[in-house]
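Analysis of the macromolecular model
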Amino acid sequence: MPSTDHPLSIYMGKTAAEIIGNQGWKGAPFDTLIGASGGPKWLILSELDQILASELLHHQTQPLRLLGSSIGTWRHACLSQPQPGAAIQRLQTAYLQQQYSSAKPSPSEVSQVAEQLLVEALGPRGAVHIIEHERFRNIIITARGRGIAQGQSGLPLVASMALASAANALSRKTLNLFFQRIAFCHAAIGTVPFASDFNTQTVTLTEGNLIPALKASGAIPLLMQCESSIPGAAGGPFWDGGIIDYHFSLTNSEANGLILYPHFSDLIVPGWFDKMLPWRAQSRPAIDNLILMCPSRSFLATLPQQKIPDRSDFARLSPHQRVAYWETCVHQSERLAEALYSLINGDDPLRGVTVIN
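To keep things clear, this report deals only with the structure shown in the data block. (Residues numbered from 1 in each chain as written. Predicted model: local features only at pLDDT ≥ 70, side-chain atom pairs only at ≥ 80, totals over all residues. Heavy atoms only, no water.)

This structure, assessed with the given rule, holds six aromatic pairs. Ring geometry for Trp 272 versus Phe 273: centroids 5.3 Å apart, planes at 50 degrees, classification tilted. A residue is classified by how much of its surface remains accessible, and Phe 273, at 7% relative accessible area, is buried. Through a chain of ring-to-ring contacts, the aromatic side chains of Trp 42, Tyr 95, Tyr 100, Phe 314 and Trp 326 assemble into a single cluster. The aromatic ring of Trp 326 is capped on one face by Arg 322, whose charged end is 4.6 Å from the ring centroid. (Phe/Tyr/Trp six-rings, centres within 6.5 Å; stacked < 30°, edge-to-face > 60°. Buried < 20%, exposed > 50% of the residue type's maximum accessible area, 1.4 Å probe, protein only. Lys NZ or Arg CZ within 6 Å of the ring centre and 35° of its normal.)

As structure tokens, then:
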């Protein structure tokens, strides 16, 4: 069991624990990297991502599927750059310093700021690096509005979101009436993991559709504008991939290798509307080849306000207070990165790991 004062909690399925125990971290066959939705929550993982890039993922030789929704896709886009640590740092800095004209900015302004963040993080050739990457195969999840959920603003959008939320409370399957999963994928992707439902369709990533796909994957309804159309895909609107895949519905996978999931919690909430339905969440899912890593509860207790950054901070805090709070959390999160570095390069690859049977 992890010690009570350890900043990083790591949970492994029995197959993953056997492989890591025998081969170590750097020799392990990672097949899939998962990045969840969560907006500002990602900041608690930004330092950890840099260690994943420098110490683990870029030493691998086999192909890696990078499956993400919303901010998870942005993290993966940075990891896919020739200098991933620098790209992550650029995104971190831009995200921390984002500013708006008022306490309640318009959806168009929030979307404009989002595009600026992406451009700053990825640079002029960022899209090309992702599309042409020989090993890293990005999968960007979006949710396309269907039927009565095709409204893009105003009352039609509000009404469709309310109906979708109510229907989802009865059954997650009812979201099929409102949304379809559209996955924008690296050309070498054959199948999208954890995507057997929602009539999943794939669209090949190109230089022309990558930034729109990344924007769409993080386009929270009512807060941001949708992408009304994306090159290569049938008509929209395209919304936040987290509507369907907030943390993804994880099951034992067909993946040939290990599934690595750096997350900000040990709870996995399938879809965005399921946040209000605690019985839908999985705690430390027992998937044989899964490695889930997240901040420990003792670490969270050391943070200002005993929580990681989240979107409510925009409303609760002044811009100056928010930036100071977030910067403190990022500084504290260096402890997570140090813990992972020590584990990857230490003598016991299973030190502090909890094996889930």
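Now, onward.
This paragraph deals with the state of the cysteines. Per the counting criterion, the structure on display carries zero disulfides. In this structure Cys 185 is not part of a disulfide, and its nearest cysteine sulfur, from Cys 78, lies 19 Å away. By relative accessible area, Cys 185 is classed as buried at 3%. (Disulfide = S-S within 2.5 Å.)

Applying the stated criterion to the full structure yields 14 salt bridges. Between Asp 31 and Arg 65 there is a salt bridge, with the nearest N and O atoms lying 2.7 Å from each other. With Asp 31 in strand 2 (residues 30-35) and Arg 65 in strand 3 (residues 64-69), this pair connects stretches of sequence that are 34 residues apart. Taking the relative accessible area as the measure of exposure, Asp 31 reaches 13% and is therefore buried. Across the salt bridge formed by Arg 172 and Asp 274, the nearest N and O atoms sit 3.6 Å from each other. Residue Arg 172 is found in the loop between helix 7 (154-170) and strand 5 (179-185), and its partner Asp 274 is found in the loop between strand 9 (267-268) and strand 10 (282-283); the two are separated by 102 residues along the sequence. On the basis of relative accessibility, which here comes to 2%, the residue Asp 274 falls in the buried class. The structure contains a network of salt bridges with shared partners spanning Lys 307, Asp 310, Asp 313 and Arg 316. (Salt bridge = Lys/Arg side-chain N within 4 Å of Asp/Glu carboxyl O. Helix = DSSP H or I, 4+ residues; strand = E, 2+ residues; numbered from the N terminus.)

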